[in-house]
Amino acid sequence: MTQSYDCLVIGAGFAGAVAARELAERGGKRVLVLERRNHIAGNAYDLPDEAGVVIHQYGPHIFHTRDRRVYDYLSRFTRWRDYQHRVVANVHGVEMPVPFNLTSLELAFGKEKAQRLEEKLIAQYGAEEKVTILDLRKNEDPEISALADYVYENVFLHYTMKQWDQSPEEIDPNTTARVPVFLSRDDRYFQDPWQGMPLDGYTALFRNLLDHPNITVELGVDARTRLTLHEGGVELDGVPFPGIVIYTGAVDELFGCRYGRLPYRTLEFRFETHPVEWYQSHGTVNYTVSEPWTRITEFKYLTGQELPDRTTIAKEISHAYTGAEGETPYYAIINPANNALYAQYRTLCSNLGQFYLLGRLAEYKYYNMDAIVARALSLCDDLLQRKE
Ligand SMILES: Cc1cc2nc3c(=O)[nH]c(=O)nc-3n(C[C@H](O)[C@H](O)[C@H](O)COP(=O)(O)OP(=O)(O)OC[C@H]3O[C@@H](n4cnc5c(N)ncnc54)[C@H](O)[C@@H]3O)c2cc1C
């Protein structure tokens, strides 16, 4: 019976699953989790495909963090496979490390010129530093600004336009700032102290996370069919629900998109299985000047699965999200107009009682997995200190 639950969590991705576990275990609450899809794990979901190759259905997910609490917390639910992600950009057939680094510099310009540039860059910005392309472009030294132009054109511009269908200037500076030039020979994509992949995959991690006697998970249930929102609170199955509600779905959908849809980019994943051991040189190859896809990921690099005769890749193509059946909203398009639209929806939630928005959809922002785990833990810290 729904009346026997203390808390309701909508969505079984990282936000919902961590919150459910905390409320159940630390708070001793009986928690009902409603998940629209027929599986747990949200966008981190992984599974074997028809060829038996483990894939990430909603795009490649690599765990990395600097947050000790998050790493320790998740380590309760999984062991880790050591994996350091490396990405190369295919620039007219030459593969160079991304983020663009000192090795890329040499591949792009040859030893002699690269050495000269390296000295100048390190003198100005320091060794092992990350400098954004936007900052490099502002440099008055003609050789450095020419380098910035090269990187901008060959690694960043077309890739960004494919991803966002906007020029970098039109995009939120925070998004643009995420793309650095790295004055180092460290060719790992992330430098965080803890990085890797759950040894048995993300879905297994989520199974452990949600495996608690106080947690009930119902799959294939769109919470909107069970919830009624009204001034001061919510009803579950027509009965007032007095407990905590944590909502991790899209906030516009909760209100029938009454002010219009929040804009997103969606992704199309073209999965292909090939009868070879390896399809490409690295876990991810970005196509920064050619091809309609932004990148190709080969999952076996990430998962460590050993299969000598086959491999599965995903080509990733970015489109505008329309809200059509089966489309997934992936990346919020952060800009002042969209933030204002989001704020309108957020206001509608402010008089729903103990109703909390949590996660990449509900908060209309990009979170890495570690960041949303940290956010879920800290929300539960607050909720569990508060007396109901
Ligand atoms: C392509 C891609 C690659 C990424 N790669 C990385 C990476 O390498 N490393 C990293 O740290 N992060 C990565 N991320 C970010 C990562 O996906 C997010 O941090 C994570 O998904 C956030 O979890 P969440 O619970 O907020 O959202 P989600 O995982 O989307 O979970 C929300 C859940 O709520 C459910 N839901 C929504 N509405 C309803 C409803 N009405 N009723 C019931 N259920 C509902 C959804 O079905 C979903 O399962 C990537 C993101 C993308 C898009």
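Here the structure is a predicted model, which is why all the values come from computation and not from measurement.

*Asks:* So what exactly am I meant to see when it comes to the site of the ligand here?
*Replies:* Surveying the vicinity of the ligand reveals 30 residues, the closest of which are Glu 35, His 61, Ile 62, Tyr 367 and Met 369. Ala 15 is positioned such that a nitrogen or oxygen atom in its backbone is 2.9 Å from an oxygen atom of the ligand. Computed on the free molecule, the ligand has an accessible area of 990 Å², of which 97% lies beneath the protein chains in the complex. Looking at the shell around the ligand, the elements that each hand over two or more residues are α1 (14-25), β2 (31-35) and α12 (369-385).

*Asks:* Is there a simple way to explain the domain arrangement of the chain in this structure?
*Replies:* One widely used convention gives an interface's size as the accessible area the parts lose upon coming together. For the chain, the domain assignment lists domain 1 (2-40 + 210-259 + 333-387), domain 2 (45-86 + 191-200 + 264-332) and domain 3 (99-182). One C-alpha centre belongs to domain 1, the other to domain 2, and the line joining them spans 26 Å. Summing both sides of the interface, domain 1 and domain 2 together bury roughly 1900 Å²; the carbon and sulfur share of this comes to 60%. Counting across the interface, domain 1 meets domain 2 through two salt bridges. Here Arg 76 and Glu 25 are joined by a salt bridge, their closest N and O atoms 2.9 Å apart. At the junction of domain 1 with domain 2, the criterion picks out ten residue pairs in polar contact (both at pLDDT 80 or more).

*Asks:* When you look at unusual backbone geometry in this model, what are you seeing that I'm missing?
*Replies:* Glycine aside, residues mostly have negative phi, and peptide bonds are mostly found in the trans state. In this chain, Val 98 is followed by Pro 99 through a cis amide linkage whose omega measures -5°. A positive phi angle, close to 50°, is found at Asp 237, a residue other than glycine. Relative to the elements of secondary structure, Asp 237 occurs in the loop between β15 (233-236) and β16 (239-241). On the accessibility criterion, Asp 237 (36% relative accessible area) is partly exposed. Of note in this structure, Glu 291 is not a glycine but carries a positive phi near 70°. We classify Glu 291 as partly exposed; its relative accessible area is 40%.

*Asks:* What is the right way to look at the sheet that holds strand β5 (residues 63-65) in this model?
*Replies:* Remark on secondary structure: sheet strands pair via backbone hydrogen bonds, oriented parallel or antiparallel. Here three strands make up an open sheet; going across it, the order is β5-β12-β6 and the pairing antiparallel. Unpaired on one side and paired on the other, β5 and β6 (80-82) mark the two borders of the sheet. Here the strands of the sheet are splayed against their neighbours by 45° on average, with no regard to which way each runs. Bridging between β5 and strand β12 (residues 194-198) involves three bridges; their strand directions are antiparallel.

*Asks:* What's the story with the pattern of salt bridges in this structure? I'm lost.
*Replies:* Any two side chains of opposite charge can pair, given that their charged atoms come close. Summed over the entire model, instances satisfying the criterion amount to 28 salt bridges. With its nearest N and O atoms 3.4 Å apart, the salt bridge here joins Asp 135 to Lys 138. Owing to a relative accessible area of 37%, Asp 135 belongs among the partly exposed residues under this scheme. For Lys 315, the salt bridge is made with Glu 272, and the minimal N-O distance between the two is 3.0 Å. With a gap of 43 residues between them, Lys 315 in strand β21 (residues 311-320) and Glu 272 in strand β18 (residues 264-274) connect regions that are remote in the sequence. Lys 315 gets classed as buried once you look at its relative accessible area, which sits at 10%.

*Asks:* Could you clarify how one ought to interpret the nonpolar core in this entry?
*Replies:* The nonpolar side chains of soluble globular proteins are, as a tendency, buried together. Among the nonpolar cores identified, the biggest contains 90 residues, and Leu 8, Phe 14, Phe 206, Ile 246 and Phe 355 are the most heavily contacted of them. Counting contributing residues, this core receives three or more from each of domain 1 (2-40 + 210-259 + 333-387) and domain 2 (45-86 + 191-200 + 264-332). Aside from chain neighbours lying at most four places away, what touches Phe 355 is Leu 229, Val 234, Val 245, Tyr 247, Leu 254 and Cys 349. With 25 residues, the next largest nonpolar core counts Val 131, Leu 147, Tyr 152 and Leu 183 among its residues.

*Asks:* What exactly am I supposed to notice about the packing of aromatic side chains here?
*Replies:* Inspection of the entire model under this criterion finds 23 aromatic pairs. Among the aromatic side chains, those forming a connected cluster through ring pairs are Phe 63, Tyr 71, Trp 80 and Trp 194. Sitting over the ring of Phe 182, Lys 130 keeps its end group 4.8 Å from the ring centre. Positioned above the aromatic ring of Trp 293, the side-chain terminus of Lys 315 is 4.3 Å from the ring centre.

Definitions and limits used
Residues numbered from 1 in each chain as written. Predicted model: local features only at pLDDT ≥ 70, side-chain atom pairs only at ≥ 80, totals over all residues. Heavy atoms only, no water. Near = heavy atom within 4 Å. Polar contact = N/O pair within 3.5 Å; in protein donor to acceptor, adjacent residues only side chain to side chain. Areas by Shrake-Rupley, 256 points an atom, 1.4 Å probe, with all protein chains shown as cover. Helix = DSSP H or I, 4+ residues; strand = E, 2+ residues; numbered from the N terminus. Domains from an automatic or database assignment. Buried area = accessible area lost by both parts, 1.4 Å probe. Salt bridge = Lys/Arg side-chain N within 4 Å of Asp/Glu carboxyl O. Buried < 20%, exposed > 50% of the residue type's maximum accessible area, 1.4 Å probe, protein only. Pairing = 2+ DSSP bridges. Axes fitted to C-alpha atoms, helices over the stretch in contact; angles between N-to-C directions. Core = buried A, V, L, I, M, F, W, Y, C linked by side-chain atoms within 4.5 Å. Contact = heavy atoms within 4.5 Å. Phe/Tyr/Trp six-rings, centres within 6.5 Å; stacked < 30°, edge-to-face > 60°. Lys NZ or Arg CZ within 6 Å of the ring centre and 35° of its normal.

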